[in-house]
Amino acid sequence: MSPRKLDPETRAALVDIAARLLAEHGAEALSTRKIAAEAGTSTMAVYTHFGSMSGLVREMVHEGFARLERQFAKVRRTDDPVADMAVLGYAYRQNAKANSHLYAVMFGGQSLAGFSLTEEDRQFGRYTLLTVVDCATRCIEAGRFRRDDPILIAHEMWIATHGLVNLELGGYLIDPVDADRCYDTILNSLLLGVGDDPRSVSASMTASRKRRRREVEADPEPAEAVASRR
């Protein structure tokens, strides 16, 4: 008898339900019983699909980075790579806000079900940065950034954006220094710091603002759309 095929829609639903329970009720809500009840299945489904609760949490980490990669993919590649870089930064922020329940888990900021990040998990996350590395390379080739290591530049952008996002999600950034104002200032300084000139930075930042709503601020994908790709 051939082994029974696992239902990808059930797998995706379990991940989304676990993430929602985490967002709404905290870590104490993550139990196989509660997750299975929400999914209309048995507790065995968690173990069948993920091996353990820790395995389910690992899948939440990977799903969080997969959603970030899909958000990055919505950002157009244009003849203004600095504007593209700015839009990528806003895409990162949008993904974090849309998936705040996954964000802390993605970076090991919340320990659940005995789970801890492995180097393989971290490498999975680092792969999503390749889009930013490519953009930094195009900025260098266009003469906007000085000749430097595009990987280092991408990490500088990541570190700055990640730090702001943590404060933004924590509700610390309010008028008159709200998250948008802070991020525009930080990003402007970073772009100047890697060699761009003030006038060009100003033009690219203006162009990026016009693109945010269309490319970044769209509603996150519904769970069924995610499930259909699995």
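The rules behind these values
- Residues numbered from 1 in each chain as written.
- Predicted model: local features only at pLDDT ≥ 70, side-chain atom pairs only at ≥ 80, totals over all residues.
- Heavy atoms only, no water.
- Helix = DSSP H or I, 4+ residues; strand = E, 2+ residues; numbered from the N terminus.
- Buried < 20%, exposed > 50% of the residue type's maximum accessible area, 1.4 Å probe, protein only.
- Contact = heavy atoms within 4.5 Å.
- Areas by Shrake-Rupley, 256 points an atom, 1.4 Å probe, with all protein chains shown as cover.
- Polar contact = N/O pair within 3.5 Å; in protein donor to acceptor, adjacent residues only side chain to side chain.
- Phe/Tyr/Trp six-rings, centres within 6.5 Å; stacked < 30°, edge-to-face > 60°.
- Salt bridge = Lys/Arg side-chain N within 4 Å of Asp/Glu carboxyl O.
- Axes fitted to C-alpha atoms, helices over the stretch in contact; angles between N-to-C directions.
- Parallel < 35°, antiparallel > 145°, perpendicular 65-115°, else oblique.
- Left-handed = near helix turned anticlockwise from the far one by under 90°.
- Nonpolar A, V, L, I, M, F, W, Y, C, P; charged D, E, K, R; others polar.

K.L.:
Can you walk me through the overall build of the chain in this structure?
P.N.:
Counting its regular elements, the chain contains 12 helices and 0 strands. The order of helices and strands in the chain, counted from the N terminus, is α-α-α-α-α-α-α-α-α-α-α-α. Looking at the chain as a whole, 45% of its 230 residues qualify as buried. Contacts spanning at least 24 positions in sequence make up 68% of the contacts within the chain whose residues lie at least 6 apart. Split by element, the accessible area of the chain, about 12000 Å² in all, is 53% carbon and sulfur.

K.L.:
Could you clarify how one ought to interpret the environment of R126 in this entry?
P.N.:
The residue R126 is located in helix α7 (residues 119-127) in this model. R126 sits 61 residues away from F65 along the chain, and the two C-alpha atoms are 9.1 Å apart. Of the polar contacts made by the side chain of R126, one reaches the side chain of E119; its length is 2.6 Å. A distance of 3.0 Å separates polar atoms of two side chains, one belonging to R126 and the other to Q123.

K.L.:
Sorry if this is basic, but what is going on with the packing of aromatic side chains here?
P.N.:
Aromatic ring pairs are defined here through the distance separating the ring centres and the angle between the ring planes. Applying the stated criterion across every chain, the model contains 5 aromatic pairs. Centroid distance Y90 to Y183: 5.1 Å. Interplanar angle 85°. Geometry classified as edge-to-face. Of this pair, Y90 sits in helix α5 (residues 81-98) while Y183 sits in helix α10 (residues 179-193), and the two are 93 residues apart along the sequence. The exposure classification of Y90 matches that of Y183, with both residues buried.

K.L.:
Would you mind going over the pattern of salt bridges with me for this structure?
P.N.:
Side chains carrying opposite charge are able to pair once their charged atoms draw close together. Enumeration over the complete set of coordinates arrives at 23 salt bridges. Between D180 and R93 there is a salt bridge whose closest N-O contact spans 3.0 Å. With D180 in helix α10 and R93 in helix α5, this residue pair connects regions lying 87 residues apart in the sequence. Residues D184 and R212 are paired through a salt bridge, measuring 3.4 Å at the closest nitrogen-oxygen approach. Taken together, the residues D184 in helix α10 and R212 in helix α11 (residues 198-215) connect sequence positions 28 residues apart. For the pair D184 and R212, a shared accessibility class is recorded, and that class is buried. Through salt bridges with shared partners, a single network forms among R76, R77, D84, D134, R138, R211, R214 and E215.

K.L.:
Which parts of the structure should I look at to understand the environment of T41?
P.N.:
One can find T41 in the loop between α2 (32-39) and α3 (44-50). Overall, T41 belongs to the partly exposed group, its relative accessible area being 33%. It is 9.5 Å that separates the C-alpha atoms of T41 and L14, two residues lying 27 residues apart in sequence.

K.L.:
Could you clarify how one ought to interpret the packing of helix α4 (residues 53-73) against α7 in this entry?
P.N.:
In a packed pair of helices, the relevant descriptors are the angle between the two axes and the axis-to-axis distance. Where α4 meets α7, the closest approach of the two axes is 9 Å, and the angle between their N-to-C directions is 15°. By the angle between their directions, the pair α4 and α7 is classed as roughly parallel. Both α4 and α7 take part in a crossing whose hand is right-handed. Residues R58, H62 and F65 of α4 lie in contact with α7, whose contacting residues are D121, F124 and G125. For the contact of α4 with α7, the class distribution of residues is 2 nonpolar, 2 polar and 2 charged.

K.L.:
Looking at this model, I keep getting lost on the side chain of D184. Mind explaining?
P.N.:
Residue class for D184 comes out buried when judged on its relative accessible area of 17%. When sequence neighbours within four positions are dropped, the list of residues in contact with D184 reads Y90, M205, R209 and R212.

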